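# Overview (structure and organization)
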Amino acid sequence: MLLTIDCGNTNTTFSIWDGSAFLATWRTSTEWQRTADQYYVWLSTLMKVRNLDVTITDVIVSSTVPRVVFNLRVLADRYFNCRPLVVGKPECRLPVAPRVDQGTAVGPDRLVNTVGAFDRHGGDLIVIDFGTATTADVVDTDGAYVGGVIAPGVNISLEAFHMAAAALPHVDVSKPDRVIGTNTVACMQSGAFWGYIGLVKEITQRIKSERGRPMTVIGTGGLASLFAQGDTLFDRVEDDLTMHGLTVIHRYNKDTT
C-alpha cells in the first residue's frame, strides 16, 4: 500500500493507493508546526472511520512547503517503517528531467502534474492548475516539463482585494448569473470568474501559438471544474492528476532501483 502526500501552500492531501485504485483521499490544512504524531492520529482515525484495515508500506511526498517535509519524513519512518520518496530530492528520480534554465528550481507540484498528465495523455500538453497560484505547465512530446506560467491564485487575488479595499467584502468564488453585476458582491464575483476565464484562455492561446502545434489542455485543482462551466477552456478536467503523478513517480523509482 502506498501513501501519497501532496502538500500545497494551503492544503495537504493524503491518498492511499493499492496499486490499481485510490482507496481513500483526505485533505487537511497545511501547517508546518503539525508533528508526525498529530498526522498519524488524524490519519489513523480517518482510516478507522472508513473501515480501512491496510498496512502502508511506502510513502511518497510532494511539498511546496519545505518546512513540512521533516515531520512527514518522521511520520513515514516512525509509523510506517519506510523511507519516503520526496519529489525534488536527488534520490527521487523522474522519468524525464525538466528542461529549464540552469539553476532553476521547478516546484514539485508542477513536476508531478507533468508526469501524471504525460502518463495519461502523452505529450504536447498544457496543464492548468488552480491552486494557491494558478499555473500553466507545458509538457513536451517526450514528457519533459519545459516551462510555463505562474499567476496569482483566484482566492489569493480576492483576499488581497478585500484587504486592500476596506469597503469591499470578502466573497467566495462562484459563477455569476450575469456578467454585469448589479451589486458589489456580484460585481466582484464576475470580475474574478470571468477575469480568470480570460486569463486562462489568453495564456493557453499564446502558448499554442508559441509552440506552433496543437496541444491538449488539462485542467486540475480545486476550482478547475467550476471554471470549466464558464467556457471551453479544457479538453479534460482531472481532479486526481497530482496524486496520479505521485503513483507514477513511485512506480518508476521502484522499477529502476
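Fair warning: this is a prediction, and the values are worked out from it, not measured in the lab. (Residues numbered from 1 in each chain as written. Predicted model: local features only at pLDDT ≥ 70, side-chain atom pairs only at ≥ 80, totals over all residues. Heavy atoms only, no water.)

### Thoughts on the overall build of the protein chain
The condition is simple: For the purposes of this entry, the term helix denotes a DSSP run of H or I that reaches at least four residues, the term strand denotes a run of E that reaches at least two, and both are numbered from the N terminus. In this treatment the radius of gyration is a C-alpha quantity, and the globule benchmark scales as 2.2 Å times the residue count to the 0.38 power. Think of it in three bands: residues with accessible area under 20% of the maximum for their type are buried, residues over 50% are exposed, and the middle band is partly exposed, with areas taken using a 1.4 Å probe on protein chains only. Residue burial considers only the protein chains on display, and all accessible areas are found by Shrake-Rupley using a 1.4 Å probe. Positive charges are assigned to Lys and Arg, negative charges to Asp and Glu, while His and the chain termini are left out of the count. Where a charge lies is defined by one atom per residue type: Lys uses NZ, Arg uses CZ, Asp uses CG and Glu uses CD.
The helix and strand inventory of the protein chain stands at 7 helices and 10 strands. Against the 2.2 N^0.38 benchmark of 18 Å for 257 residues, the protein chain shows a C-alpha radius of gyration of 19 Å, consistent with a compact globule. When the backbone C-alpha atoms are referred to their principal axes, the protein chain occupies close to 55 × 45 × 35 Å. For the protein chain, the proportion of its 257 residues judged to be buried stands at 46%. Split by element, the accessible area of the protein chain, about 13,000 Å² in all, is 51% carbon and sulfur. For the protein chain, the distance from the average site of its 23 positive side-chain charges to the average site of its 27 negative ones is 1 Å.

### Regarding the sheet that holds strand β8 (residues 145-152)
Condition: Paired strands, in this sense, are two strands between which DSSP finds at least two bridges.
Across the sheet, which stays open at both edges, the 5 strands sit in the order β8-β7-β6-β9-β10 with mixed pairing between neighbours. Lying at the two open borders of the sheet, with one neighbouring strand each, are β8 and β10 (236-237). As paired strands, strand β9 (residues 216-221) and β10 are joined by 2 bridges and run parallel to one another. Note on β10: the bridge partner recorded for Gly219 is Val237.

### Describing the sheet that holds strand β5 (residues 85-86)
Where we set the bar: We call two residues in contact when some of their heavy atoms are within 4.5 Å. Only C-alpha atoms enter the line fits that serve as axes; for helices the fit covers just the stretch in contact. Angles between N-to-C directions range over 0 to 180 degrees.
With mixed pairing, the 5 strands of this open sheet are ordered in space as β3-β2-β1-β4-β5. Edge positions in the sheet fall to β3 (22-29) and β5, since each has one partner strand and no second. Of the strand pairs in this sheet, strand β1 (residues 2-7) and strand β4 (residues 58-63) are connected by 6 bridges, and their pairing is parallel. Its bridge partner lying in β4, Leu2 is registered against Asp58. Strands β1, β2 (11-17) and β3 of the sheet are contacted by helix α1 (residues 36-49), whose axis makes an angle of about 135° with β3.

### What to know about the side chain of Thr135
Residue position: Thr135 is located in strand β7 (residues 133-139). Residues within four places of Thr135 in sequence aside, it is in contact with Arg110, Val127, Ile128, Asp129, Val149 and Ile150.

### Focus on the packing of helix α4 (residues 154-164) against helix α5 (residues 184-211)
Put simply, the test is: Crossings are sorted by hand: turned counterclockwise from the far helix by less than a right angle, the near helix makes the crossing left-handed, and turned clockwise it makes it right-handed. Throughout this entry, Asp, Glu, Lys and Arg are counted as charged residues, while Ala, Val, Leu, Ile, Met, Phe, Trp, Tyr, Cys and Pro are counted as nonpolar. The remaining residues, Gly among them, count as polar.
Two elements in contact, α4 and α5, have axes separated by 11 Å at closest approach and are oriented at 145°. Of the two possible hands of crossing, α4 and α5 adopt the one that is right-handed. Along the contact surface, α4 presents Val154, Ser157, Leu158 and Phe161, while α5 presents Met188, Ala192 and Tyr196. Looking at the contact of α4 with α5 residue by residue, the classes come out as 6 nonpolar, 1 polar and no charged.

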